[in-house]
Amino acid sequence: MINSIIKITYLPLLLIPFYLVGQNNNLLTIESNKEVGQIEIGNPYVGIEIHKSFPLLNRISFYYPVANSIDISNDYWKRENFRIMSVGLKVGNSPKRFLKNQVYKVSQTPYSVSFEGNDSDSEIKITYEFCKNEPAMVMTYEIINTSDLEKEYEVYTRLETTLRTCHTYKIIDNAYTEFQENGSIIRTNYPFIETGNAQVFVMNCGLKPSSFTSRKEGKDEFKNLDDRWLNTYSSLPNEIISKENFGVPVAAFIYKKLLAPGESIKIIQVVGSSLISEAIEKTNFLFKNYREEVNEYENYILDESINKKEIITGDNDLDFTSEWSKAVLTTNAHYLNGQIVPMPAQAEYNFYFTHDALLTDLAAVNFDLNRVKDDLEYIISLADTDKTIPHAYYWKDSTYKTEFAGTGNWKKLGPSVVPSPIWNHFWFILVSARYLRHSEDKEFLNQLYPYIKQSIKTALKFKGDDNLMWSFRPDWWDIGNNYGPRAYMTILAIRALREFNYISTYLQKDSLELKFYENLANRMNNKLIDTLWDNKLNYLISYYEDGTEDRHIYMGSLLASHFNLLDHDKNLKLISTAKQNLLDEKLGIYTLYPMDLHLLIDYMRFSGNEAGDPHYYANGGIWPHGNAWYALALINNGLNNAALKFIKRTMTLKGIINSPNGQPALYEYRISDKNNPALYGKIDKPQFLWAGGWYFYTLYNLFGLRENEWNISFSPFIPQEMDSVHLVVNISGVPLNVDITGKGRMLSSILFDGKEIPSAVIPEDINNLKQINLILGKIDTPYLNSANAIVTSLRYNKETKTLEFDLESFEGHEIKLQIISPLVSQKIFLNGDDISGNVSKLKKDNFYEINLQHISVQKKNHYSIKFN
């Protein structure tokens, strides 16, 4: 297999299979002469799916007025073989023919795609673009006569307009149609509650068609409409389906034009979906304004992704992927019951998933607090009367349905009743806490607090008497039904409990409960290690309900490293085991090893082979967050250079393109079967919401942003090939510029708005901060490196060599802090009392690590450290 190459250049190099253009003229464009396996692009109202670099659509997903789709496939895994449209050509005296199935040159952006090829002595370009505010897309067919002769051109286009409903995927193929002369519009009407009383319209804004039909069934000997066009010279019958006698619809047109050499025919079809009652208003507006709508959408995506720089490294690959990731975060939002909300993909998953929005917001909180607040507000707006947050929200049959996270009296009803995943509650708490740390928005957190408490209450129903979290599902999945203690769920629970204590402390709520939850989190942390750490596998495992060990190496256990739940020895062993068992050097991290879930269908109570065959989906596929978690574990082990190489190889656009069966994508998952070169590395859902989110999250961590349960801090990293790194980080609700320079592992200077502050932890009481400069090099003065409490009142007196600061938490909280210093500490005072005996000092190269651990005797404590 020949790996493809990416080039960034002003002038396209046509011999290169993939190349990036447009970084220098403010466009996000990737061009390809090699087959692109799958493309998904869209706007809030409509999305498309296209396979194998052939420009005819495989699927259209409409999100407005409700979620419907045009999709004729009968096998999800073979859907690339089903096209919902056809294009035929008759050029001069040549016989009629349909476009030859071949690989076209693809020019792809996150907001549009075009295909260029040659057929019948003609150059063909087909482009798909999308409107900003209207529920429509624009399909443009441009055909150029490349011969030396004047020729008569006839172009035939057919688009399926039969709908499939959301969720149940029921085929609705009875409709009535209308035709409007102005704009040559075929309107296909579905006056059914299942389809939301939708109309699908196809409007002509370019060359006017000479004939049309909106009825799929023929009254002749031909097997279908395509066959009729191919084998006759007659026009289409200009037929509509009456309101009194519904039929199977289609939108087919014939266009004719005489072209001199070099002249072109341009067909523009605006395709959309709206309520039947408003469709005329929509098409009237679009007929005049579709080009402005397309331009506005393009400019909006470019402004969000290119003009707002979240991370600048000077590395073209990393920075271009950051821009593309931001575009994915921007475009993957769809209409749902009156609102535009984040959704996983452009043309699949017509549902809102709480989990997907939250995972994305873990990173977005750094640069887009409004987005995160909107998402959290939306989540609680869907909660039930007990304030239980949703797992999913979608249109089904006749109404909007909500699945709530971890609810249902499953203990009473028995093992056949499995609640929706409870990990939603943990991620909800984690994101709420991150939002608070970055925004200091007490008012909104007070609004969230009852829902956060309910999430703690609901999730802890699944804590066993062994102080481990139990789940029906393996690892992070929402499939299977075998109840037992799980490492992944326990890891998340420990972090969520500690985050809850931070939120409660900050809001001054439930102070009497905080010590209980801290002790519980500590007991769970101990049990995680004592019970679930396997000394033979050197990994965190899980158990089945019959007490048998589940000895799979799951990717979810890697989060224990990122959340600092392991000692140094086990932390290193964990990443070593993952590298040995889960790592595919070219693609990334398998979901699990061994890949045998297909053999455990009855034991795990899977629904058929929903986990997939080996190397597919849950059974050993490659997922973006698995790669992120592995990179984060490398970073936590101090292996930043290895993490950078891994990120560039498996998570950037260049790395993904240059991998087996690679293509431009921030994907949902990849097939990992090395024994099948045709499928090894094949990508499904190429523009996936939280793939972009996890890319940002991992990059922020790589270059040094740290966030424990109590504060935000920095542990900067700059590789040898970079001179500086620029980050945008929201602090106190304001975007802050963080510039990192220098070389080395330690900080020689920490400047907050130009003032030297002896802390890698951002103090709570620094107001109106705009700029942080972090300079790596030789340590000149001691500084606070980390603390699991709110930090205030930091100062260092050079004359007395004394570092002072306050830490705020709650009475009984176990305080852990670390000082980095070129000097050895002489005395440490807590509220005036000498506690030097509680300190451990570790000499490293030319500096000391000074670690202090003690129980907080009051809510706020003052520390004074004197150095020799």
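For the structure, see preceding data.
Below is a short write-up of the structure. (Residues numbered from 1 in each chain as written. Predicted model: local features only at pLDDT ≥ 70, side-chain atom pairs only at ≥ 80, totals over all residues. Heavy atoms only, no water.)

**Quick notes on the overall build of the protein**
Here is step 1: Secondary structure summary: the protein contains 16 helices and 55 strands in total.
Here is step 2: Relative to the 2.2 N^0.38 estimate, which gives 29 Å for 868 residues, the radius of gyration of the protein is 29 Å and therefore close to what a compact globule would have.
Here is step 3: Taken over 868 residues, the protein has a buried fraction of 62%.
Here is step 4: Across the protein, the fraction of contacts at a sequence separation of at least 24, relative to all contacts at a separation of at least 6, is 67%.
Here is step 5: Carbon and sulfur atoms make up 47% of the accessible area of the protein, which amounts to about 32000 Å² in all.
Here is step 6: Of the charged side chains in the protein, 89 are positive and 103 negative, and the gap between their average positions amounts to 3 Å. (Helix = DSSP H or I, 4+ residues; strand = E, 2+ residues; numbered from the N terminus. Rg over C-alpha atoms; globule rule 2.2 N^0.38 Å. Buried < 20%, exposed > 50% of the residue type's maximum accessible area, 1.4 Å probe, protein only. Contact = heavy atoms within 4.5 Å. Areas by Shrake-Rupley, 256 points an atom, 1.4 Å probe, with all protein chains shown as cover. Lys, Arg positive; Asp, Glu negative; His and termini not counted. Charge placed at Lys NZ, Arg CZ, Asp CG, Glu CD.)

**Concerning the state of the cysteines**
Here is step 1: Taken as a whole, this structure holds zero disulfides when the rule is applied.
Here is step 2: Of all cysteine sulfurs, the one in Cys 131 lies closest to Cys 205, which takes part in no disulfide; the gap is 9.5 Å. (Disulfide = S-S within 2.5 Å.)

**Here's the deal with the pattern of salt bridges**
Once the charged atoms of two side chains with opposite charge are near each other, the side chains can pair.
Here is step 1: Counted by the stated rule, this structure contains 48 salt bridges.
Here is step 2: A salt bridge links Glu 585 to Arg 649; its shortest N-O distance comes to 3.2 Å. Pair noted here: Glu 585 is in the loop between strand S35 (583-584) and strand S36 (588-589) and Arg 649 is in helix H14 (residues 640-650), with a separation of 64 residues, a long-range link.
Here is step 3: Relative accessible area serves as the criterion here: at 43%, Glu 585 is assigned to the partly exposed category.
Here is step 4: Residue class for Arg 649 comes out partly exposed when judged on its relative accessible area of 31%. (Salt bridge = Lys/Arg side-chain N within 4 Å of Asp/Glu carboxyl O.)

**Observations regarding the sheet that holds strand S26 (residues 390-396)**
Sheets are built from strands paired through backbone hydrogen bonds, the pairs being either parallel or antiparallel.
Here is step 1: In space, the three strands of this open sheet follow the order S25-S26-S27, with antiparallel pairing throughout. A single partner strand is all that each edge strand has here, and the edge strands are strand S25 (352-353) and strand S27 (399-404). (Pairing = 2+ DSSP bridges.)

**Here we look at the pairing of strand S47 (residues 783-787)**
Here is step 1: Burial of S47 is extensive: four of the five residues sit out of reach of the surface.
Here is step 2: Across four bridges, the pairing between S47 and strand S50 (residues 814-821) is antiparallel. Residue pairing in the sheet places Ala 787 in a bridge with Leu 817 of S50.

**Here's the deal with the sheet that holds strand S5 (residues 59-62)**
Here is step 1: In space, the six strands of this open sheet follow the order S3-S4-S5-S6-S14-S15, with antiparallel pairing throughout. Among the strands making up the open sheet, the edge pair consists of strand S3 (38-42) and strand S15 (171-172).
Here is step 2: Note: strand S4 (residues 46-51) against S5, four bridges, orientation antiparallel. Bridge pairing links Ile 48 to Ile 60 in S5.

Geometric values such as these leave the question of function open.
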